[in-house]
Amino acid sequence: MASVIGTEITARPTATGILRAERSEQFDEALKALDNYKKKDTSKVVVRFKAVGNAPIMKQNFYKITSSNRFQAVIQFLRKELGWQAGEPLFTYINLSFSPAPDDTVANLFKACGTDGHLIVNYSTTQAWG
């Protein structure tokens, strides 16, 4: 038997080793981005409600709503304030121009359609446009 004393074994990087390191860095970046996405945005947006047509006028029409909420939360809040049930018709519009999807966030609607620091939400009991 021959013994090898004093020889060094050097590890050469392999292609799979380099790929694993790159994947690990990308995975860490993805986890950081996902953690950042999961954080709730606690900033508020001033929402101004305006009645259209024969809809009842609210006594208070300015409210601060968390910007990370979906527009569905705004619709539910408006129904609660007006005392309307889920079956009663309620049509909502942004700036008298379009009806947003319930899954749009308040922050996105405010960034795209904010007017004088407010998000103007018009509401009606009948379909007013389109």
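Criteria and cut-off values
Residues numbered from 1 in each chain as written. Predicted model: local features only at pLDDT ≥ 70, side-chain atom pairs only at ≥ 80, totals over all residues. Heavy atoms only, no water. UniProt positions renumbered as here; feature names shortened; annotations may be inferred. Pairing = 2+ DSSP bridges. Helix = DSSP H or I, 4+ residues; strand = E, 2+ residues; numbered from the N terminus. Axes fitted to C-alpha atoms, helices over the stretch in contact; angles between N-to-C directions. Contact = heavy atoms within 4.5 Å. Buried < 20%, exposed > 50% of the residue type's maximum accessible area, 1.4 Å probe, protein only.

In the annotation of an unreviewed UniProt entry, the chain is listed under the name Ubiquitin-like protein ATG12 and assigned to Ephemerocybe angulata. In its Subunit (unreviewed entry) section, the UniProt record describing the chain reads: "Forms a conjugate with ATG5." The UniProt entry for the chain carries the following comment under Subcellular location (unreviewed entry): "Preautophagosomal structure membrane".

A. The arrangement of the sheet that holds strand 3 (residues 91–94) in detail. Taken in spatial order, the 4 strands of this open sheet run 2-1-4-3, and their pairing is mixed. In this open sheet, the two strands that pair with only one neighbour each are strand 2 (62–66) and strand 3. The average undirected angle you get between the axes of adjacent strands in this sheet is 35 degrees. Pairing geometry for strand 3 and strand 4 (residues 118–124), over 4 bridges, is antiparallel. Pairing of isoleucine 94 across the sheet is with valine 121, part of strand 4. Lying on the sheet, helix 3 (residues 106–113) is in contact with strand 1 (44–51), strand 2, strand 3 and strand 4; it crosses strand 4 at an angle near 105 degrees.

B. Layout of unusual backbone geometry. At asparagine 95, a position not held by glycine, the phi torsion is positive, near 50 degrees. Residue classification places asparagine 95 among the partly exposed positions, given a relative accessible area of 26%. One non-glycine residue, aspartate 116, adopts positive backbone phi at about 50 degrees. For aspartate 116, the location among the structural elements is in the loop between helix 3 and strand 4.

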